[in-house]
Amino acid sequence: MTATQDRPAAEIGRDRRRKEDQRLITGRTRWTDNITLPGMLHLAMVRSPFAHADITSIDVSEAEAAPNVVAVLTGKDFGEELGVCINAWPITPDQKTPTHSPMPADRVAFAGEVVAVVVARSAAEARDAAELVDVDYAERPAVLGIKNALEDSILAHPDLGTNKSALWVFDSAEAGTGGDVEAAIEQARTDGILIEREYRQQRLIPAFMEPRSVVVDPTGEQITMWTATQVPHIVRFALAATTGVPESKIRVIAPDVGGGFGGKLQTTPEEWITWAVARRLGKPAKYTETRSESLMAGHHGRDQVQTLTLAADRDGNVTGFKVHLDADLGAYVALVGGGVPVLGAFMFNAIYKFPSYRFECQTVLTNSTWTDAYRGAGRPEATYAVERMMDELAAEVGVDPLEIRERNWITHEEFPFTTVAGLEYDSGNYEAATARAREVFGYDALRAEQRERRERGDRVQLGIGVSTFTEMCGLAPSRVLGSLDYGAGGWEHASVRMTPLGKVEVVTGTSAHGQGHETAFSQIVADLLGVPFEDVEVLHGDTQVAPKGLDTYGSRSLVVGGEALVRAADKVVEKAKVLAAHLLEASADDLEYAGGRFTVRGTDQGLAIQELATATFAGHNYPDGMELSLDADATYDPVNFNYPHGTHLCAMEVDTETGAVRMRKYTCCDDIGVIINPLIVAGQVHGGLVQGIAQALWEEAVHDESGTLVSGSFVDYLLPTSADTISFDVVHTDQPSVCTTNTLGTKGVGEAGTIASTPAVVNAVVDAVRHLGVDDIQMPCTPERVWRAIHAHDGDAPTPEAAMPHFDEGAPNQDEGAGQ
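Parameters and conventions
Residues numbered from 1 in each chain as written. Predicted model: local features only at pLDDT ≥ 70, side-chain atom pairs only at ≥ 80, totals over all residues. Heavy atoms only, no water. Helix = DSSP H or I, 4+ residues; strand = E, 2+ residues; numbered from the N terminus. Rg over C-alpha atoms; globule rule 2.2 N^0.38 Å. Buried < 20%, exposed > 50% of the residue type's maximum accessible area, 1.4 Å probe, protein only. Contact = heavy atoms within 4.5 Å. Areas by Shrake-Rupley, 256 points an atom, 1.4 Å probe, with all protein chains shown as cover. Domains from an automatic or database assignment. Buried area = accessible area lost by both parts, 1.4 Å probe. Salt bridge = Lys/Arg side-chain N within 4 Å of Asp/Glu carboxyl O. Polar contact = N/O pair within 3.5 Å; in protein donor to acceptor, adjacent residues only side chain to side chain. pLDDT = per-residue confidence, 0-100. Phe/Tyr/Trp six-rings, centres within 6.5 Å; stacked < 30°, edge-to-face > 60°. Axes fitted to C-alpha atoms, helices over the stretch in contact; angles between N-to-C directions. Parallel < 35°, antiparallel > 145°, perpendicular 65-115°, else oblique. Nonpolar A, V, L, I, M, F, W, Y, C, P; charged D, E, K, R; others polar. Pairing = 2+ DSSP bridges. Expected span 1.5 Å × (residues − 1). Patch = residues over 30% accessible without salt bridge, like charges linked within 9 Å, V, L, I, M, F, W, Y side chains within 5 Å. Lys, Arg positive; Asp, Glu negative; His and termini not counted. Charge placed at Lys NZ, Arg CZ, Asp CG, Glu CD.

Observations concerning the overall build of the protein chain
Looking only at helices and strands, one finds 22 helices and 28 strands in the protein chain. For 820 residues, the compact-globule estimate of 2.2 N^0.38 gives 28 Å, and the C-alpha radius of gyration of the protein chain, at 28 Å, lies within 12% of that figure. Referenced to the eigenvectors of the C-alpha coordinate spread, the extents of the protein chain come out at roughly 95 × 75 × 55 Å. Looking at the protein chain as a whole, 62% of its 820 residues qualify as buried. Taking as baseline every contact in the protein chain between residues at least 6 positions apart, the subset at least 24 positions apart corresponds to 80%. Summed over all atoms, the accessible surface of the protein chain reaches about 29700 Å², with 49% contributed by carbon and sulfur.

Thoughts on the domain arrangement of the protein chain
A common measure of how large an interface is: the accessible area buried when the components associate. In terms of domains, the protein chain is made up of domain 1 (21-27 + 491-636), domain 2 (32-140 + 211-257 + 264-297) and domain 3 (301-475 + 640-791). Look at where the C-alpha atoms of domain 1 and domain 3 centre, and you get two points 39 Å apart. The partner domain 3 presents 19 residues to the 18 residues of domain 1 that form the contact. Carbon and sulfur atoms make up 58% of the area that domain 1 and domain 3 hide from each other, which totals about 1300 Å². Taken together, the connections running from domain 1 to domain 3 amount to zero salt bridges. Connecting domain 1 to domain 3 are six residue pairs in polar contact (both at pLDDT 80 or more). Those elements that provide at least two residues to the side of domain 1 that touches domain 3 are α17 (517-529) and α18 (557-583). Here the side of domain 1 that touches domain 3 takes six residues from α18, the largest share from any one element.

A word on the environment of Asn163
Within the fold, Asn163 resides in the loop between α5 (146-151) and β7 (164-171). As for Asn163 and Val364, which are separated by 201 residues in sequence, their C-alpha atoms are 5.4 Å apart. Ignoring sequence-local partners within four residues, the contact set of Asn163 consists of Val143, Asn148, Ala149, Asp152, Ile154, Leu155, Ala156, Thr363, Val364 and Leu365. At 3.1 Å, the side chain of Asn163 and the backbone oxygen of Ala149 are in polar contact. Looking at Asn163, its side chain comes within polar contact range of the main-chain nitrogen of Ala156, at 2.8 Å.

So, the confidence of the model for the protein chain
Across the protein chain, pLDDT averages 95, with 96% of residues at or above 70. In this model residues 810-820 is a low-confidence stretch, pLDDT under 50, and it forms 46 contacts with partners more than four residues away in sequence or in other chains.

Considering the packing of aromatic side chains
With the rule as written, the count across this model stands at 17 aromatic pairs. On the basis of an interplanar angle of 40 degrees and a centroid distance of 6.0 Å, the ring pair of Phe170 and Tyr357 is categorised as tilted. In this pair, Phe170 sits in strand β7 while Tyr357 sits in strand β15 (residues 357-364), placing the two residues 187 residues apart along the sequence. In this pair, the class of Phe170 matches that of Tyr357, namely buried. Ring centres of Tyr352 and Phe354 lie 5.5 Å apart, and the angle between their planes is 15 degrees; on these two criteria the pair is classed as stacked.

Section: the packing of helix α12 (residues 379-397) against helix α13 (residues 401-408)
Closest axis-to-axis distance for the α12/α13 pair is 8 Å, and the angle between their directions is 105 degrees. What the angle tells us is that α12 and α13 run roughly perpendicular. Side by side, α12 and α13 meet where Glu387, Met390, Asp391, Leu393, Ala394 and Val397 of the first sit next to Pro401, Ile404, Arg405, Arg407 and Asn408 of the second. Among the residues forming the contact of α12 with α13, the class breakdown is six nonpolar, one polar and four charged.

Some thoughts on the sheet that holds strand β8 (residues 193-204)
The pairing of strands in a sheet comes from backbone hydrogen bonds and takes either a parallel or an antiparallel form. One open sheet holds the five strands; their spatial order is β7-β15-β14-β13-β8, and the pairing between them is mixed. Sheet topology places β7 and β8 at the edges, where each strand pairs with a single neighbour. For this sheet the average axis-to-axis angle between neighbouring strands, irrespective of direction, equals 10 degrees. By the bridge criterion, eight bridges tie strand β14 (residues 318-328) to β15 in an arrangement that is parallel. Paired with Ala327 across the two strands is Thr363, which belongs to β15.

Digging into helix α8 (residues 232-243)
Because an α-helix packs 3.6 residues into every turn, residues spaced three or four apart end up facing the same way. Spanning twelve residues, α8 covers 16 Å between terminal C-alpha atoms, matching the ideal 16 Å at 1.5 Å per step. Of all the twelve residues making up α8, ten are buried; the element is thus mostly covered by neighbouring parts of the structure. Every buried residue of α8 is accounted for by Pro232, His233, Ile234, Val235, Arg236, Ala238, Leu239, Ala240, Thr242 and Thr243. Gly244 sits one or two residues past α8 and shows a positive phi near 85 degrees.

Observations regarding the pairing of strand β5 (residues 114-120)
Along any regular strand the residues' side chains alternate between the sheet's two faces. The buried count for β5 comes to seven of seven residues, which makes it a mostly enclosed element. Here strand β1 (residues 41-47) pairs with β5 via six bridges, running antiparallel. Bridge pairing in β5 places Arg47 opposite Val114. As defined by bridge partners, strand β3 (residues 69-74) adjoins β5 across five bridges and the pair is classed as antiparallel.

Describing a negative patch on the surface
A contiguous patch of negative charge on the surface is contributed by Asp59, Glu62, Glu64, Asp77, Asp134 and Asp136. At the level of elements, α2 (61-64) and β6 (134-139) are the ones that each hand at least two residues to the negative patch. Mapped onto the secondary structure, Asp59 falls in strand β2 (residues 53-59).

Quick look at α18
Under the 1.5 Å per step criterion, the end-to-end length of α18 is 37 Å for 27 residues, consistent within 8% with the ideal 39 Å. Residue Glu585 follows α18 closely and has a positive phi angle near 55 degrees.

Concerning the pattern of salt bridges
Summed over the entire model, instances satisfying the criterion amount to 56 salt bridges. Between Glu11 and Arg16 there is a salt bridge whose closest N-O contact spans 2.8 Å. Exposure class is identical for Glu11 and Arg16. Each is buried. In this structure, Glu784 and Arg788 form a salt bridge, with 2.9 Å as the shortest nitrogen-oxygen distance. Of this pair, Glu784 and Arg788 are both found in helix α22 (residues 783-790), four residues apart, which corresponds to roughly one turn of the helix. Judged by relative accessible area, Arg788 falls into the partly exposed class, the value being 47%. Linked by salt bridges that have partners in common, Arg197, Arg388, Glu392, Arg770, Asp775 and Asp776 make up one network.

Observations concerning the side chain of Lys286
Considering the arrangement of structural elements, one finds Lys286 in strand β12 (residues 285-288). A polar atom in the side chain of Lys286 sits 2.8 Å from the backbone oxygen of Ile35. With sequence-adjacent residues up to four places away left out, Lys286 is seen in contact with Thr32, Asp33, Ile35, Thr36, Met40, Leu41, His42, Leu43, Val214, Val215 and Thr274.

Here's the deal with the sheet that holds β6
Overall, antiparallel pairing links the three strands, which are arranged β4-β2-β6 in an open sheet. Looking at the sheet topology across the chains shown, the edges are occupied by β4 (107-108) and β6. Pairing of β2 with β4, which is carried by two bridges, proceeds in the antiparallel orientation. Opposite Asp54, over in β4, you have Arg107 as the bridge partner.

Re the environment of Ser557
As for its placement among the helices and strands, Ser557 is situated in helix α18. Note on Ser557: relative accessible area 7%, which makes it buried. A sequence separation of 82 residues divides Ser557 from Leu475, and the C-alpha atoms of the two residues are 9.6 Å apart. Leave out the neighbours within four places in its chain, and Ser557 touches Thr510, His517, Phe521, Thr552 and Gly562.

Overview of unusual backbone geometry
Residues Phe415 and Pro416 are joined by a peptide bond in cis, for which omega reads -5 degrees. In this structure, Pro477 follows Ala476 across a cis peptide bond, with omega equal to 5 degrees. Relative to the elements of secondary structure, Pro477 occurs in the loop between β18 (460-470) and α16 (478-483). A positive phi is found at Asn68, a non-glycine position, where the angle reads about 60 degrees. For Asn68, the location among the structural elements is in the loop between α2 and β3. Phi is positive for Asp152, which is not a glycine, with a value near 60 degrees. Following the sequence through the fold, Asp152 ends up in the loop between α5 and β7. Assessed through its relative accessible area of 26%, Asp152 is described here as partly exposed.

Okay, here's the thing in structure tokens:
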């Protein structure tokens with residue numbers, strides 16, 4: 001097989017506006033909530049206001065008597081008919097995993113858990129009647145927060161006997177991938193540098209644009225579910241596994257899906273409840289959550305405490321890194337919830353040649369909303385920890401943060417490189433990415449300005465943040481996932497079909513929810529088959545149309561799904577070559593293929609692949625033994641993960657009297673291998689940057705002392721808008737380090753911006769006030785937290801409310817936005 005980067009390309013690398021956008025922005029889309037079926041019923045969920053309580057009674061009589069109410073059902077009404085929500089990644093054999101009923105009958109474990117469902121002829125009538133359901137609770141003490149959970153004095157699930165779900169450990173000495181980290185720590189303690197820190201990864205909410213929605217139609221030969229999900233194939237599998245209905249009788253469709261960010265990588269209680277109601281009543285049923293339900297009961301992300309110990313010699317060469325994570329799973333172990341922090345285990349060494357490493361992760365159960373994957377899933381947390389620690393090491397040694405990274409990173413000549421965590425990085429050039437970012441950012445000039453401001457004692461100080469990252473993405477190979485006890489594989493499937501008139505249908509097992517698959521995959525196939533971009537149609541997100549697949553998450557669609565597509569298209573070309581040789585009365589060895597046309601070498605005789613598709617349909621003239629079809633399938637299981645990398649630089653201004661911060665400049669240089677569509681990549685990076693910056697500056701899910709989510713609306717959960725951000729400089733290296741394990745040469749990009757940006761911003765904020773004695777500010781870096789960090793040792797300092805933020809509007813290169 002010829003690597004695609006060596007073939008002539010007219011589409012790959014071209015800016016193409018997304019072909020799906022015309023449908024989306026003109027309102028001709030089909031969100032799940034837009035689906036209406038004859039006789040369809042509507043559901044409203046009754047949710048617990050308590051974080052932990054026994055259900056003593058449920059009186060549904062008044063709700064049942066409400067107008068147009070068809071039924072009111074509780075967990076006791078359903079019993080085992082409901083099935084269960086599954087955990088697909090038990091990270092240890094002895095993991096404590098509470099049974100997760102979609103609608104518990106006797107006890108609730110978090111505020112927002114469903115205790116009853118109202119079924120009515122309209123959504124409004126269902127919601128009104130839900131207010132009439134009278135539930136009596138006997139409130140229990142709730143386990144809130146990681147520290148509370150570790151004490152085990154109160155239990156989130158009394159039947160388990162502990163809040164500690166699992167302890168997962170990796171040690172480089174035991175694994176044979178590095179030295180003894182404890183020895184490195186002791187050596188640094190006596191004759192080196194030892195840095196110990198504790199960082200908090202606050203709880204976040206995915207906050208996708210389209211609330212979750214599900215429609216179930218039980219009236220046909222199959223039971224059909226439309227659902228706003230990232231994982232239709234996994235939903236089908238889980239339904240079959242937990243409800244007893246054969247997979248052949250289940251069709252799951254993810255129509256147009258309005259964002260996910262990992263928040264729709266789930267098998268949800270609401271899907272299972274809607275399924276059960278529709279089957280019981282024999283009629284189509286729909287449930288669409290409100291925004292407040294989405295924020296309260298959809299799974300959350302992050303929520304870790306990181307205890308870190310970094311050992312180095314006196315020159316700043318790292319000799320060991322020890323990581324202990326305490327990770328809050330919430331009330332239940334979600335689909336891949338326990339495995340999310342474990343993914344980060346392989347990334348705490350980042351781009352560096354650490355000689356020794358130990359990672360421990362203690363997962364705990366609490367009476368709060370369950371947590372699972374959120375954009376980056378373990379990799380942002382790891383990158384934040386190591387990049388914050390590298391800045392601390394630079395400060396201790398007294399050198400520039402870029403210099404301390406250069407002393408420790410893997411050089412481009414050393415690839416492929418086996419890391420202390422046991423992964424093999426196939427390619428990379430951290431020097432080139434850093435040099436390009438530094439040039440575009442104007443690093444030296446900004447450092448000079450920072451020195452001048454400090455010398456003058458300016459009220460507004462300038463900080464420069466550095467984040468150099470890599471990530472493992474393309475969640476695969478299957479054997480590695482199996483060794484980690486992950487419940488699925490990492491392969492992907494694709495089909496390429498030639499229609500009689502020469503058009504191309506592409507069927508992929510990935511499931512887009514805003515990434516631009518239809519455009520990028522059309523570009524790839526257009527180049528491989530030599531057909532017009534407009535003649536390629538991409539089909540996805542329907543288990544009847546695409547029966548094989550493992551869906552979309554972990555930046556896997558292009559690097560795994562795209563490679564399956566390449567292999568299927570190559571098979572189409574090989575099949576067509578046999579027919580072309582027959583029709584041209586030539587040896588297949590004498591044929592050349594370029595631009596979608598087979599020609600006899602040295603002549604102008606030839607046939608286009610579209611002509612061969614028509615000839616195959618007719619079937620009038622073909623060689624003996626040939627299968628009369630050009631269509632082809634391929635399943636691809638990668639041999640390695642995929643390792644994009646980059647350098648992100650951020651300049652932040654901090655008003656030292658009020659704690660207000662404002663972004664001055666942000667530059668990133670991401671090396672993601674061969675770029676299929678630069679316009680789509682720019683959009684992915686921009687979106688990822690904003691989400692990572694938002695964690696650094698604004699977003700935090702907060703529960704009160706009773707376990708109620710107090711950031712349950714966009715009034716209190718602070719999502720940034722375009723007015724809060726600046727224009728980013730997004731660049732790439734001139735000579736990308738292409739992936740060597742797929743023929744496209746591509747690397748993932750969907751999570752890169754989120755992974756790298758959070759530490760870049762926090763490092764910049766801390767850097768602005770480090771000379772004032774500050775070495776950490778807990779995220780999000782609100783004005784109050786920044787102010788308190790600055791004045792932590794001042795007994796009589798004024799309050800931050802006493803002054804207004806003061807930024808110099810005339811500062812060079814200053815953009816509007818990103819301020820507080």
